[in-house]
Amino acid sequence: MQSFKPITKKLFPTDYQLIDGTDEIFELNLALWEYENLNKEDLIKRSAYFKSVEGKPTIHYQACNLQNLEEIHRNSSLRTKAFFLNGKYSTGYATHSLFPYRGKFHPQMIRALLNMMDIKRGDIVLDPMSGSATLSVEANLLGIDSIAVDISPFCCLMGRVKTFALNLDSKKLNQITKNQEKIFERLNKPKVPDYFIKNSKDGSKPYYEVALLAYLDAMGFARRSSKSLDVLFPVVLNRYVTTIQNFQTAREKLDIQIGKSKIIEDSALNLSLEDGKIDGVITSPPYSFAIDYVDNDKPQLEYLGHEPYKLKENMIGLQGRGISEKLELYFSMLDKVFKELARVTKKESKTIFIVGTNDIQTKGVRLETKIKELAEKQKFKFLFEILKPIKGLQNTMKEEYILIFENNK
Ligand SMILES: C[S@@+](CC[C@H](N)C(=O)[O-])C[C@H]1O[C@@H](n2cnc3c(N)ncnc32)[C@H](O)[C@@H]1O
């Protein structure tokens with residue numbers, strides 16, 4: 001019998017070890033790109049998929065291990081614990097796990113794509129439909145500045161907390177745990193008290209927003225479980241505080257320099273940004289009408305004092321009746337987004353669009369094909385694509401397309 005050499009041994013020298021769980025084709029492709037294009041020092045500092053390089057552990061691997069997920073999830077159910085432990089190096093590190101937002105990016109992959117785009121410290125990246133601000137968190141972890149724009153005030157709250165929590169004073173955060181009963185009493189109203197929204201003069205607002213997001217997370221939890229909000233809030237809040245504190249320990253030990261972030265509540269169709277200042281974009285629009293983000297987040301939006309149906313009027317993917325009208329409006333909105341992206345990005349900068357197609361829902365129309373046409377109309381040059389399979393039996397969407405364009409004005 002012929003001897004067998006696994007694919008990873010053929011691709012990389014034995015002293016370049018991949019991080020656990022790097023086993024899908026798209027991940028191996030991105031890891032190979034990192035190996036072929038980053039020098040040894042950058043591989044250690046920035047790589048998403050390597051555990052060690054010539055025997056030296058990478059920053060990503062060390063930071064994930066310093067987070068002590070066992071401690072963070074000591075009070076979680078076995079299922080929740082297993083979910084977070086599975087995502088130790090891919091989805092659940094740093095502040096990504098603070099609110100598990102539906103349809104969020106795969107953070108480890110975003111790190112690799114930032115490397116591929118050759119984005120460096122001093123550059124600014126933009127996500128004009130930022131959701132839970134995964135791009136901002138990943139960019140900031142690499143010391144890169146970011147702008148996140150989303151039309152949903154709830155998403156903007158998530159983005160502010162997740163980016164703020166990357167670099168804060170752990171002692172001030174402890175005050176929140178100490179005062180958790182009082183905080184719960186204040187938050188446990190039909191609508192968020194103005195105190196949490198407006199009181200920013202003493203600089204305490206970002207810390208209180210951590211508690212506010214934990215409250216909204218617990219609110220969702222309480223709807224799905226038999227436990228009440230007063231029982232769940234302290235559990236979720238303590239998970240948030242421990243997650244943040246553990247990351248702060250990792251940040252200090254490994255001297256991780258965090259980039260700056262701006263979170264803007266605005267529409268991607270009309271960005272309040274200057275021309276030609278953005279060095280790179282990674283974004284993913286709502287996948288046509290696959291998820292109704294307003295219905296999904298209705299209780300949280302109402303609690304925050306917003307009228308969900310007003311918000312729907314400007315949401316991409318939620319306009320029109322019947323499939324053909326819906327698609328027409330969807331593409332005409334994305335056309336405007338590309339026009340804005342062509343305006344705000346630098347010449348030759350890269351823009352990455354990530355989109356999945358569910359052709360049963362769109363009656364055969366392929367979103368990725370149409371998106372390429374819209375981008376090219378605004379003078380973006382299509383460079384190449386990477387396919388990422390979507391797992392899960394219930395998903396009728398089988399893969400996502402990572403479409404890479406260059407601003408070719
Ligand atoms: C697929 S999700 C993005 C998820 C994000 N990549 C993440 O990692 O969390 C699409 C986002 O587009 C936002 N959106 C919809 N219409 C918008 C508009 N007109 N302007 C800006 N954002 C919009 C939705 O609120 C939603 O958060």
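How each quantity is defined
- Residues numbered from 1 in each chain as written.
- Predicted model: local features only at pLDDT ≥ 70, side-chain atom pairs only at ≥ 80, totals over all residues.
- Heavy atoms only, no water.
- Near = heavy atom within 4 Å.
- Polar contact = N/O pair within 3.5 Å; in protein donor to acceptor, adjacent residues only side chain to side chain.
- Areas by Shrake-Rupley, 256 points an atom, 1.4 Å probe, with all protein chains shown as cover.
- Nonpolar A, V, L, I, M, F, W, Y, C, P; charged D, E, K, R; others polar.
- Salt bridge = Lys/Arg side-chain N within 4 Å of Asp/Glu carboxyl O.
- Helix = DSSP H or I, 4+ residues; strand = E, 2+ residues; numbered from the N terminus.
- Buried < 20%, exposed > 50% of the residue type's maximum accessible area, 1.4 Å probe, protein only.
- Pairing = 2+ DSSP bridges.
- Right-handed = clockwise from strand over helix to strand, strands pointing away.
- Contact = heavy atoms within 4.5 Å.
- Axes fitted to C-alpha atoms, helices over the stretch in contact; angles between N-to-C directions.

A. Main features of the site of the ligand. As a structural note, the neighbourhood of the ligand is formed by 26 residues, with Phe-105, Ser-132, Thr-134, Asp-150 and Ala-268 the closest of them. Phe-105 has a polar backbone atom sitting 2.9 Å from an oxygen atom of the ligand. One of the backbone N or O atoms of Ala-268 is found 2.9 Å from a nitrogen atom in the ligand. Against a free-state accessible area of 600 Å², the protein chains account for coverage of 99% of the ligand. Looking at the shell around the ligand residue by residue, the class counts come to 13 nonpolar, nine polar and four charged.

B. Focus on the pattern of salt bridges. Inspection of the entire model under this criterion finds 23 salt bridges. Lys-312 serves as the salt-bridge partner of Asp-292, at 2.9 Å between the closest nitrogen and oxygen. Of this pair, Asp-292 sits in the loop between strand S7 (278-283) and helix H15 (293-296) while Lys-312 sits in helix H17 (residues 308-312), and the two are 20 residues apart along the sequence. According to the relative accessible area criterion, Asp-292 is partly exposed, its value standing at 22%. Overall, the relative accessible area of 18% leaves Lys-312 in the buried class.

C. Summary view of the sheet that holds strand S1 (residues 16-18). On the basis of which strands lie adjacent, the open sheet formed by three strands has the order S1-S2-S3 and antiparallel pairing. Strand pairing shows two members of the sheet lacking a second neighbour, S1 and strand S3 (56-57), which therefore form its edges. Pairing between S1 and strand S2 (residues 50-53): three bridges, direction antiparallel. Looking at the pairing, Tyr-16 lines up with Val-53 of S2.

D. The pairing of strand S5 (residues 145-150), seen in detail. The element S5 is extensively covered by neighbouring structure, given that six of its six residues are classed as buried. Residues Asp-145, Ile-147 and Val-149 point to one face of S5 and Ser-146, Ala-148 and Asp-150 to the other, with burial holding for every one of them. Across four bridges, strand S4 (residues 124-127) lies against S5 in parallel orientation. From the neighbouring strand, Asp-127 faces S5, where its bridge partner is Ala-148. After leaving S4, the chain enters helix H8 (residues 134-141) and then returns to the sheet as S5, a path that is right-handed.

E. Representation of the environment of Arg-46 within the structure. Structurally, Arg-46 can be placed in helix H3 (residues 40-46). In the structure, Arg-46 is positioned 220 residues away from Asp-266 in sequence and 31 Å away in space, judged by C-alpha atoms. If near-sequence neighbours (up to four positions away) are discounted, Arg-46 is found in contact with Glu-34, Arg-111, Leu-114, Asn-115, Ile-119, Lys-120, Leu-142 and Ile-144.

F. Focus on the sheet that holds strand S6 (residues 261-265). Ordered in space as S6-S5-S4-S7-S8-S10-S9, the seven strands form an open sheet in which the pairing is mixed. The open sheet has two free edges, formed respectively by S6 and strand S9 (380-389), since each of these has just one partner strand. Between one strand axis and the next, the sheet turns through 15° on average, direction left out of account. Summarising the sheet, S5 and S6 pair through five bridges and their orientation is parallel. Bridging across to S6, Ser-146 finds its partner in Ser-261. The sheet contacts of H8 involve S4, S5, S6 and S7, and relative to S5 the element is tilted by about 175°. Of the strands in this sheet, S4, S7, strand S8 (345-356), S9 and strand S10 (399-407) are in contact with helix H18 (residues 323-344), which crosses S8 at around 150°.

Purely spatial values, then, with no claim about function.
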